[in-house]
Amino acid sequence: MKTAVITGAGGAMGSELVKALEKEDVTCILIERERDLLGELVHMLDGNKHFFYKADFTNQKDIQNIISNIISKHQKIDYLFNVAGIGIYKKLEDLTLSEWRASMDINVNSIFLFSKGLLPLLKNSKNAMVLSFGSGMGIYPKENRVAYCASKFALRGLSLTLSREFKGRGVDFVLLTLGSVMTDFGTGGLIYRKKLETNGKKYLNVEEVISKVIEIIKLSSRKEEYTLFPEGYEEETK
Ligand SMILES: NC(=O)c1ccc[n+]([C@@H]2O[C@H](COP(=O)([O-])OP(=O)(O)OC[C@H]3O[C@@H](n4cnc5c(N)ncnc54)[C@H](OP(=O)(O)O)[C@@H]3O)[C@@H](O)[C@H]2O)c1
C-alpha cells in the first residue's frame, strides 16, 4: 500500500490529485490551510484510511508539528506532493515585506521543510518521489510578479538540485513546471482568467495536469522536470 502526503490538498489541483490518488488506492495524508477541506473530500474519503491536517505554512511551528505527527504515525511515505502555493502578483512599489515573506514561506521554505523532515520516511519507500508544482514563472521572468517569480525560480533550483543529489538513492525529486491552468489561483483569480480566455489566451485544465501526475507516479524511471504549457505560453512570456 502506497502513502502520499499532499500539501494544498483542498485547492483546485490538490483536491483533484487527492481524488485521483484515492482511485489508485493510495493512502492520503491531506494538508490544507483553511479552505473547507472538511467538506467534499472528507465525505468522499474513508476517515479510517486517510489523514487530515490543518496548517498555515507561514507558521514554521505548524509545519514542524505536522511532520512530527506524521513521523509518529507512519513508517513509510512513498510520495510527497508539494502543491500548496500563493501567487501575489504585484510590482515592487506595492509589494509588502510580509507578502514577500509569505511567498517564500509557502512556495519555497515549506517544500524544504517537508522534504527534509519527511526524508527518513521517504527513504523507507522503494521508489519514493517528491513532486513539486513549479511554474513557467520559475523559468521566464515576468514584470510585476517579483515575489511569485523569485519564489518559483528558487523552487526550481531546490528541486533540480535535490534531484541530482538523490540520483540513484531511491528518492526522485521531480518538478512539474506548469503554464497557466484554469483555476482560481493568483491575483485576479478565475473571473480574470475566464475573461482572458474569451480574448484568446489558452489554459491547461486541471484534469490534464492531474493525469500527467498520475502518469509520472507510475514510471519506474523519472526525469527531473516535466513541463506542461498551454499553446502559445512560451511566446506570451518572452
Ligand atoms: N493555476 C495556475 O495557473 C498555476 C500555474 C503554474 C503553477 N501553479 C502552481 O500550482 C499549485 C496549485 O495551484 P492551484 O491552481 O491549484 O491554486 P489553488 O486552488 O489556489 O491552490 C493553492 C493551495 O495552496 C494552499 N495555500 C495557500 N496559502 C497557504 C498557506 N499559508 N499555508 C498552507 N497552504 C496554503 C491553498 O490553501 P487555501 O485553500 O486554504 O488558500 C490551496 O490549497 C501552486 O503551487 C501554484 O503555484 C498554478
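Just above sits the structure.
Residues numbered from 1 in each chain as written. Predicted model: local features only at pLDDT ≥ 70, side-chain atom pairs only at ≥ 80, totals over all residues. Heavy atoms only, no water.

> Where do I start with the layout of surface pockets in this structure?
It is a probe the size of a water molecule, rolled over the atoms, that shows where empty space is left. The computed volume of the largest pocket comes to approximately 1,100 Å³. Around the largest pocket, the lining comprises 46 residues; the ones closest to its centre are G85, G87, T183, F185 and G186. Among the elements of the structure, α1 (12-23), β2 (27-32), β5 (128-135), α5 (146-165), α6 (189-198) and α8 (233-237) are those that each provide at least two residues to the lining of the largest pocket. At four residues, the largest contribution of residues to the lining of the largest pocket is made by α6. (1 Å grid on protein atoms, 1.4 Å probe; cavity = no way out; pocket = protein on both sides within 12 Å on 5 of 7 lines; lining within 4 Å. Points joined across faces, edges and corners; volume = space filled by probe spheres on them. Helix = DSSP H or I, 4+ residues; strand = E, 2+ residues; numbered from the N terminus.)

> I'm lost on the pairing of β2 in this one. Help?
In regular strands, side chains alternate between the two faces of the sheet. With six of six residues buried, β2 is to be regarded as a mostly interior element. By the bridge criterion, five bridges tie strand β1 (residues 3-7) to β2 in an arrangement that is parallel. Opposite V5, over in β2, you have I29 as the bridge partner. When β2 meets strand β3 (residues 51-54), the two strands line up parallel, connected through four bridges. Bridging across to β3, E32 finds its partner in K54. (Buried < 20%, exposed > 50% of the residue type's maximum accessible area, 1.4 Å probe, protein only. Pairing = 2+ DSSP bridges.)

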